[in-house]
Each structure stands twice: as C-alpha cells, then as structure tokens.
Amino acid sequence: MTRHPMLFAAASGFAMLMAAGAHAQTTPAPASEAAQVEEVVVTGVRKSLRDALAVKQGSDKVVEAISAKDIGVLPDVTIAESIARLPGVNATRDRGNDSQAVVRGLGARLVLGTINNREVASTEPDRNVRWEIYPSEVVSGVEVYKSQSADLIAGGVAATININTIAPLDYRGPAFVLRAGPVFYDGGKDIPNYGTTGYRGSGSFVHKINDDLAIVLGATAQRQKNGYGSFTGWGYNDSNARPPAGASDYSSDLNRDGKLDATPWGAQMSASRIDQKRKGISGGLQYKPTDHFELKADALYSKIKITEVQDQTVWGDGKWGNWNTGANNVGWNDDVYNAPGASYTLINNTVVAASRLPFSPVKTVLAKYSEDKDLFASGLNGKWTGDLWTVAGDVSYSKAKRTNSWKAVRFEAWPTWTSFDWRAGVTPTITTGQDNTTLAQTADLAGSYDGPEHLNDELKAAALDFTRDFSGGVFKSVQFGARASDRVKSHSNFSFAPTATGATIPANLLTGYKLSDGANVPAILTGDIDKIAAIAYGPNAFDVSKATEKLAERWTVQEKVYEGYGKLNFAADGPAGVWVTGNIGARVVHTETSSEGLQQDTASAFVPANVDNDYTDFLPSANAKLDFGGGKVVRLGLAKVIARPPLDELRASRSLSNWAPWTGSAGNPKLKPFEATQFDASAEYYFRPEALVALSYYYKDVDSYIGWKQTPVAFGGQTYTVASPANGGSGHIQGVELTFQTPFFFLPGPFDKFGIYSNYAYVESNLKEFSPANNPLRMTGLAKNTATVDLWYANGPVEARLGWKYHSPMTVIYGWNGSDLQTLESEKTLDFSSSYKINETVSVRFQVNNLTNEALRMYRDNDPNRIGRYDSYGRRYLMDVTFKF
C-alpha cells in the first residue's frame, strides 16, 4: 500500500492554503471595532460557545471543545448528548439515550475516554466509556482531541475525549446551584401498570475557605422511566447443508431456481418497562498556598440501578428456518412456505415476507432484567512551578463493577397461521390467524435464569511530568515524563433453567395490550412473572442457589502499561509575519497482558488457560499552529497512534456449541493493538467572538485493525467453526469536516439575537469488517455523512435552541458481543430546549428530545431487508427549576 504520497499531497495542499491566508491578512480589522465587540457581555449559551472557541483557537492540536463554566448551563441531561453535537462525532443510542461516542468514522472501541486527563475503569466488558453515566452538572468542560500529541495518554486512534470537572479556586459563579424537575418519556405510554414520569435533581456547592483553599461538592439524582417497544429479527439461516442421504436435492430452494433461499429463524417483539435510578456524588479540593505550588484532589461516585420488566412475544422460533424437512423430504420448508394457502416474497434469494405460514408457535416470554452498576474515580494532582522548571505528579484510582441477572418464564400457543413482512422501507408487521389473547397458553417450555453475572474493573495509575522553560530562542520548553498503570478486569456468569410443569396458564393472570408506535404486531401478553412462574415451574422457581457457573465465561485480564515521552515546544515568527507554534515529540508505550480463562474442548471438559503477551510501540508526533492574525489559523499534525484491544476480547476462554451446526466463540490473548499513522490539517477563521468557519481534513493510514473471524478448529474428532477476534489488514480512512457558527450580527434587531452552530463531516474508507465473509460490512462506526444544525436564540433572560442531527448508515456493535455486527440505518433527530431567567436567583427550563419520534432501525448481513432491530423510544420531555445564590 502506498502511504507517503497521500500524506505529502495533503500537506502540500495545506501549505498553499497557508500562503493564501498570509496574503489575505493585509487588511486587519480596525482596533476600535475589535475593542467594541469585546465589551459585549455574554452569558449562558453564548458564553459557553465563546469559551469553547477560545479553547479551540488556543490549542496547538486539532480539538473540539465544550465549555460550561457556569454550573448547569449545558442544555443536555448527560454529557453524551453534548459530545454528539460536535463535528465528526456520533453517538449510539441505548434505551433511547445517547451513550457511546463514534468519532471520525471509527467506533467506540477506538475512542479513549478520560476524566481530568486520567484513564478510568468501565462497567463495559471492553474498555469503552458510557458517557451517559456522567451528568452534565459535574462537568466544567470537554475536549475532543482529534490529533495526537506526545503528552496525551496513548489509546485514542479516533480521538481522546477528556472530561474536566470543576476546579473550585478557578471557579467564578454562584456558590450554590440547585436544580430539580420532572422528566416524562412517552415511549412507554401504552404499557399497562407503568408510569412514565421520572425526575432529575442536582445540587452543587463551591466554597472558598480562603484565598488559598477551596472545595466543591456536588450531588445528582435521576430516575428514568423510559419504556419502549423493540422489534428484533433473529437473523437468517444461510446454511448450504443438504437433506439426509436419499432425499431430494432441493435443500431450501423454495422456488426451484437452483439457488439457496435464506430463511429467517424468527422474530420477537419486546415492550420494556424501564426504571433506571442514578445517584452520584462528586467532590474536589484545590489548594494553592503560593504561586509556586498547587494541589488538586477530586473524586466521583456514580451508582446506577436498572430494573427492566420485559413483555416479549416470539414468532417462528426456528420453525421458519431451513432445518425443517418438508413433507416426504421434498425440499426443506416446503411444508411451511409452499404449504397450501401459503406464499412468500424473495428479494436476493432471501425470504423477507410470507403469508399464512401454517402452525408455528407463538411464544410469550415474561422476563425481568436487573442491573447494578457502580463507578468510583478519584485522583490527586500536585504541581510545583519554579523560575524555569515545573514538576507535576498525578496518582489516580478508579473502580467499576456491574452485577446483572435476567429471569424469564415461557409459554406458548398455536395459531392456525402466521404472516410477516419486514422488508426494507416497511414498518415490521406480524399477523396471526387468531389473537394470542384468545388462545390457550401452555407452559411446556423451560424457563431461564441467567445470572448473577459479575464484571469488575480496577485501574491504578501514576504519572510524573517535567517541564523546562527556555528563555529566548525558537524552542520555548521541553516536556518529558512517565506513566504507569495496572488494570485488572474479570468476569463470571451463572445460570439455570427451571423445568416446565406443562400446566395451562389461567387466563385471568394475563392481560393483552398493543403499542401505538413502532412495529405493527398482534397484542402482547403481560402478567405477574412470579405468580405465573409458580404455575409454570412450581414454587421457588427462580431460587438463585440452583444456578451453576458458565465456565466458558469465566475470565480475567490484567494489563500493565508503561509509558514515557519527550516533547519539544517551539514558537517563532515565520515568513510574512506568520506566528508559528507547535511541538515535536514521541511516546514509547510498553504493554504487558496476562489472560486467564477456561477453554472448552469437548461437551463437558474445560482446560485452564493462561496466556501472556507483550508489545512495545514507538509513537512519534508533530503539531504546528500557524497564526496569520485577524483570527486566521491553520493547524497541521502528524502522528502514529494506537488503540489497545478491547479487554474482553483478550480473554483466554472458549465455548463450543456441541450440537449442529458445530460452532464456538473464543477470545484472543495474542491480539496486538489497532495501529495507524495519521495526518491532520485544519484551517480556521475566527471572524468574530462566537463566530467561526473551519475546514478540517484527516487521513489515517491503518496498519492493523481488529475484527472477528470464523476459523475451523478440530476438537475430539469434530470440526467447529469458532468465531474469535483477530488482527486484520491495512487500509485507509480519510475525511473532511466543515464547521460554521456565528450570531446573526449582520441582521437587524431582533434577529441579531439569533445564531447558528452547524457542522458537516464526510468520511471515506476502504476498510471492511471480516463478516459476512461474502459481503463484509464497512468498518464499525463509519458513517459517510454526518451533520448538525443548531439554531439558537439568546436575548436577556430568554434562551432557546432547536437542534437537528443526522448520520448516514453505519456499522455498529449492539450490546456486549463484539461479533454481533449490524448496520444502523440513517437517523434524523430533532431536539428543542429553552430557558427563562426570572431573576438572578431563579430560572426555568423546558426541553424536548426526539421531537419527531425518530425510530431506530438496524439490519443484518449488509442487507437492508434482513431486519435487525426496530425500536421506538418516543419523546423525552424535561422541565426543571434552577436556583443560584
């Protein structure tokens, strides 16, 4: 693969842009006009925009910023919603909330998340940060570093997202901030016995004990009742397996055209009653007894408890797949799709709709999921500054743990026929010969108790940094330092299956209902899961003491990282009066991993495995900022970057199915990191306070990435197709980002109180995932087009924002299984927020998210006709009152 010509061509193009910018500097703005603009006092959203631009303009790196120095000024419930509005940034939705970040066409696994520039533990199996854990009240600012510098922790190939918490001595604002109000989600309005109104409250206190010492304390509490409906397709059977010897050779060639016709395993509708409670406390201390010494300490604790009651209906359940032998072995599924009165629709030899399929069961699953998550993150930072030297030390500790379980009772009924249609562009639809509420429900299916499942993550780190200033000359300072971290993530899981009694569920214990939004399906059944379980499985049906460990899911990964860096900062007058600043440096990263697990090699035998691995990466970087004056800035960056593999994919465990089709799943402790060499360039024009037009270009030359492969492996005389992560080939990712924001100063009043914040991003890549083997998906997270348009209004006590967000289709990992890749279809979401400042003490706010009730739709196997998910989250309404004094 040719790499350097592309980079040098890009650099040459931006060199011409710099020259053009230098020529354009000949007519600077009059000093009196600039002074008059600076006298304007702005607050709220306008001040946040201005402060964010100041961070971006002052940085040597390509960076996007969010500023919220006034506690609680951010209009979003969690910081994830604010991050997703930045150029080139997307977020995947989970239970209707923005969650994990996708940056510049790369998925969440390649985004490094830090708090106060420290890596933190995570309740996710990999190392991803779920940004919705962090309420916006605890945040003073966010930086998204898109280019790399030697002093940044290694790990952000896509970007490094850093959250800053409040430094109390530097804080300028009210000492007390209290906020509280209701939150209403309309996605669950049709679910019986379920209230959809929650609440949100927060409080913060900043106190300066004296000129040298200050503290900040904060607390948040939130309850979400965001119920919703979710339609799920179970995937397709593309097997080329043939019928038994002597049978017809039709296999699943339904229309006898000589080609295999893929058939679906089935589908499921789930209505979820979610009750999510989040509590958090945070604290910080800042001590500065002299101009030469400063000490900061901070801590954050967040606890989330989720209870999700699920009413599920399952259609098909494998009976529509091609494992059924047709009548007299004349073509599999002939007794289903070619039965008298039945019909089907094929697109690309895939059954995407069918009518009057005879006698397949309709299964009801009443389930309850519970999840408890705890996150603790803390750090202590000391800095001493002399005449020439600055020494900073930092120690941090974070711990995250998650415990979850899922219990379910199952029963079934048999309508005379079932029809379905979920082809692309159609609302998923299911119809049956009889309403499920009129059929006898038989408890002849085993129940489930999955759990308790435990995940623990603990991270300890220490860093020491030195800076030596130089007096005069081109080189301004040198920085060097070291960091060491020790991280341990472990996982275990248990389960058991209660045996069915075969009893009939009394009709008076069941209630049928339908959802007005989302998929078009028959009535869903609901009832008291514990009362029904006692009939279906007998007393103490879900006695957790019956659970046995899933040995193949027991694993521990320890990761030790040692990093050292050096960085030289420079500044000088360039040609044509251009002021040039920047840095050049390198970071060396040595990683040692130790993976433990149990590997299944027969139906019941497990073999302990302990695998060690280590690797060292040399990561040079260089950044330059060219300031042409008059608000014209160009930035260039070149660096080698890495992202270490997801921790769960380093596991040494392996599981096998032990039934046909013979499959398995395993980790790969020998994985090496995702590696790339990247070039970044940005041309920016800050033509007024709060106003910017910018064009950025980036090119990532990827040396290796991580995806999932299926490999034949023989155990005990049987060959299994084992899915596991593997390092892949090379390729490129490149894209452009355009940002434009400004108040409408050029319009007459009152229109000059309006403004716009907008961005557009385009990304292109030749990188593919490893599956499906015959038609691989694009790289996870790569949305070719992303756009944001926010119209805002700020006039004295009144502020409002109407925000629109769009992304084109992209590959995502939905859930905790890295091999479960689906395509998320394009989404357009519209949000509204407004606030009114009654006086200096009291203000009110009203906010609506997902105004147009945009549904989430996914599809499988790179085929829009193969439905993956269809979720209708509804709208979220929030109203609260803020007190500041």
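Residues numbered from 1 in each chain as written. Predicted model: local features only at pLDDT ≥ 70, side-chain atom pairs only at ≥ 80, totals over all residues. Heavy atoms only, no water.

Draft legend 1. Up close: the packing of aromatic side chains. Counted according to the given criterion, the structure contains 24 aromatic pairs. Where Trp 389 meets Phe 480, the ring centres are 6.3 Å apart and the plane angle is 85°; that geometry is what we call edge-to-face. Of this pair, Trp 389 sits in strand β19 (residues 389-413) while Phe 480 sits in strand β23 (residues 475-492), and the two are 91 residues apart along the sequence. Classification of Trp 389 as partly exposed rests on a relative accessible area of 36%. Ring plane angle 55° and centroid distance 6.4 Å describe the contact between Phe 687 and Phe 745, whose orientation is recorded as tilted. Of this pair, Phe 687 sits in strand β34 (residues 674-688) while Phe 745 sits in the loop between β38 (731-743) and β39 (754-765), and the two are 58 residues apart along the sequence. According to the relative accessible area criterion, Phe 687 is partly exposed, its value standing at 25%. The class of Phe 745 is partly exposed, set by a relative accessible area of 36%. An aromatic cluster is built from Tyr 685, Phe 687, Phe 740, Phe 744, Phe 745 and Phe 746, whose rings are joined through pairwise contacts. (Phe/Tyr/Trp six-rings, centres within 6.5 Å; stacked < 30°, edge-to-face > 60°. Helix = DSSP H or I, 4+ residues; strand = E, 2+ residues; numbered from the N terminus. Buried < 20%, exposed > 50% of the residue type's maximum accessible area, 1.4 Å probe, protein only.)

Draft legend 2. Region of the structure containing empty space enclosed by the protein. Counted under the stated rule, the structure contains 14 cavities of 30 Å³ or more. Empty space within the second largest cavity amounts to approximately 260 Å³. Lining of the second largest cavity is provided by 29 residues; of these, Thr 165, Ser 282, Gly 283, Ala 299 and Leu 300 occupy positions nearest its centre. Mapped onto the lining of the second largest cavity, the elements with two or more residues apiece are β5 (118-119), β9 (197-208), β10 (213-224), β14 (267-290), β15 (293-315), β18 (362-385) and β19. For the lining of the second largest cavity, the leading source of residues is β10, giving five residues. (1 Å grid on protein atoms, 1.4 Å probe; cavity = no way out; pocket = protein on both sides within 12 Å on 5 of 7 lines; lining within 4 Å. Points joined across faces, edges and corners; volume = space filled by probe spheres on them.)

Draft legend 3. Structural context of the sheet that holds strand β1 (residues 63-67). The strand order β1-β6-β7-β4-β5 describes an open sheet built from five strands, whose pairing is mixed. Of all the strands in the sheet, just β1 and β5 have a single pairing partner and so form its edges. As defined by bridge partners, strand β4 (residues 111-115) adjoins strand β7 (residues 159-165) across five bridges and the pair is classed as parallel. Bridging from a neighbouring strand, Val 111 pairs with Ala 159 of β7. Helix α3 (residues 44-58) contacts β1 and β6 (139-145) of the sheet and is inclined by roughly 150° relative to β1. (Pairing = 2+ DSSP bridges. Contact = heavy atoms within 4.5 Å. Axes fitted to C-alpha atoms, helices over the stretch in contact; angles between N-to-C directions.)

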